[in-house]
Amino acid sequence: MALVAVADAKTRDGRLHANMARRPSVPIVQLTDIGPVTSRNGTQLPPYNTTYYFDQLIDHTNPSLGTFSQRYWTTYEWYESGGPIILFTPGEANAQPYSSYLTNRTINGQIAQELSGATIVLEHRYYGLSNPYPDLSVESLKYHTIQQAIDDLEYFAKNVDLPMPGGDAVKPGQAPWILVGGSYSGALTSFTMVNKPDLFQAAYASSAVVESIVDYWGYFQPILEYMPKNCSADVQAIIAHIDSVFTSGNQKEIDSIKALFNMSALTHLDDVAGALRNNLWDWQSLSPSSGGGTFFEFCDALEVKDGVSAGPNGWGLQHALQAWGSYWTNTYYELLCGDEDAVTCLGTYNATQDIWTDISVDNANRSWMWIVCNEVGFFQEGAPEGHPTIVTRLVQPPYDERQCTYMFPEAYDNLGHLPVPNVDATNKAYHGWFVQENHLFFANGHRDPWREATLAADGTNFKSTPGQPLAISDGFHCSDLSTANAQVDSTVLAVQKQALKTIAEWVAEWKPSKR
């Protein structure tokens, strides 16, 4: 009997803890007002949220270990014989809320509708209820690797009998398969095209974080560039001031700042300063169709005084610091922490907290941390000295690597040093930024906080090619996966149109084979 996490997330954006970095998750596309699902010939089909199960290998290097039940969802709403099979995994999340990715509210469904295909959402191993073992202990997580996840996609495609007419005769070689992913699963899409070059006829990777990076201070760079200038100026001034005070040894000034943000109970200053990253992390929740959101409420709290907005240089440190403290204590803290006290919500130095020790399944944060600590890094820290920063420099990779030791002590206790994610091995195995594959479409957004780990990263100057197009919109994180975003942002629409045209051409080149 599997232990299931009572609360996978404690913050609104899906994190276990408010001083834990954000996951590069695929946004959920809401599915409302859905009537009966019917095929093109009028047959009524099962609802989109109908769950199916596939017997997946626990260990692809040792099939004798047996199988586990991997959940998936599928529809053949637009399918016609000879059409493609569009496979998508949301990656590091319970996949149940992602059945909308079967529909034409997403690029997946748009491809299916245009090319008469069937869509599939596959739950990633060790997320949701697709677990080889009944808990997420270190012992159970030994088969939780990027390579095993890539092998899952291959084994699924080659062995699944889809619940539709002719569904047992649409394996790769019998039908063209298209792999779609976003964010981490976008990177997984790229990695799969590198590792299994002849499996998928086409692939679409949105906001694909292909380059694994330990000190991912670049997360905040697009935010710095695109947030309101007055807000950016004041946030930089406040963070510089807090870092200066916190490293000064002046206890009176230190206590004053802690009190201003109602964090007097926190003893570790990196927890105090690091907590203020939350207002910047809210940027990841933005999309072209989302409206303002909490991020802009934060900036308004700093920059609108008596109904007047500050100029591009902001109001300056004195006003902005008091305004941030007031907004944090009177409005934001409750949104972030609910009724938890500051030490429970924001403190990271108690290794006995259940956020570190809970090994029950359906805990996406724990499963993702295993990949973070071992293979990809992505610790979201302050910028290097000499570069503008909107978050504290007191939080550096050892802060997050310490969290790895709290969550997985059995894996790291005997190291003798903090664990450093082996990003070099990941980038070497799957080519990172330097991927060069055929029939692989990359879509990115200028305003995506994960941009600096994608092919759109500053200074990389990667070129779009016919075989590996690189299309960049003005969107945010995975904005081009959503149809609604294209309806309000012409640059997102242009990316989707280019993708649909390109993928149609690639699918037209497909010929049956004995794969």
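Here the structure is shown first, and the text comes after it.
Attention here is on the structure that accompanies the text. Just so we're clear, the structure is a prediction, and the values are computed from it rather than from any experiment.

## What about the packing of aromatic side chains?
Tallied over the entire structure, the rule returns 30 aromatic pairs. Ring geometry for phenylalanine 261 against tryptophan 324: centres 6.1 Å apart, planes inclined by 85°, an arrangement best described as edge-to-face. Placement of the pair is phenylalanine 261 in the loop between helix H6 (251-260) and helix H7 (269-275) and tryptophan 324 in helix H10 (residues 317-337), with a sequence separation of 63 residues. Exposure class is identical for phenylalanine 261 and tryptophan 324. Each is buried. Here the aromatic residues Phe261, Trp283, Phe295, Phe296, Phe298, Trp324, Tyr327, Trp328, Tyr332 and Phe476 are joined through ring pairs into a cluster of three or more. The ring of tryptophan 315 carries lysine 305 above its face, with NZ or CZ at 4.1 Å from the centroid.

## Here we look at the nonpolar core
Of all hydrophobic cores here, the largest spans 159 residues; its most connected members are Ile85, Tyr204, Met227, Phe261, Trp324, Trp328 and Leu346. If you tally residues by element for this core, the top one is H10, at nine residues.

## A closer look at the pattern of salt bridges
One side chain can pair with another of opposite charge once the charged atoms of both are near each other. Tallied over the entire structure, the rule returns 15 salt bridges. With its nearest N and O atoms 3.1 Å apart, the salt bridge here joins glutamate 154 to lysine 158. Separated by four residues within a single helix, glutamate 154 and lysine 158 lie in helix H2 (residues 146-159), roughly one turn from each other. Between glutamate 154 and lysine 196 there is a salt bridge; the shortest N-O distance is 3.0 Å. Of this pair, glutamate 154 sits in helix H2 while lysine 196 sits in the loop between helix H3 (184-195) and strand S8 (202-206), and the two are 42 residues apart along the sequence. Overlapping salt bridges, with partners in common, bring together Asp151, Glu154, Lys158 and Lys196 in one network.

Reading the values: rules and limits
Residues numbered from 1 in each chain as written. Predicted model: local features only at pLDDT ≥ 70, side-chain atom pairs only at ≥ 80, totals over all residues. Heavy atoms only, no water. Phe/Tyr/Trp six-rings, centres within 6.5 Å; stacked < 30°, edge-to-face > 60°. Helix = DSSP H or I, 4+ residues; strand = E, 2+ residues; numbered from the N terminus. Buried < 20%, exposed > 50% of the residue type's maximum accessible area, 1.4 Å probe, protein only. Lys NZ or Arg CZ within 6 Å of the ring centre and 35° of its normal. Core = buried A, V, L, I, M, F, W, Y, C linked by side-chain atoms within 4.5 Å. Salt bridge = Lys/Arg side-chain N within 4 Å of Asp/Glu carboxyl O.

Take it as geometry only, folks, not as evidence of what the structure does.
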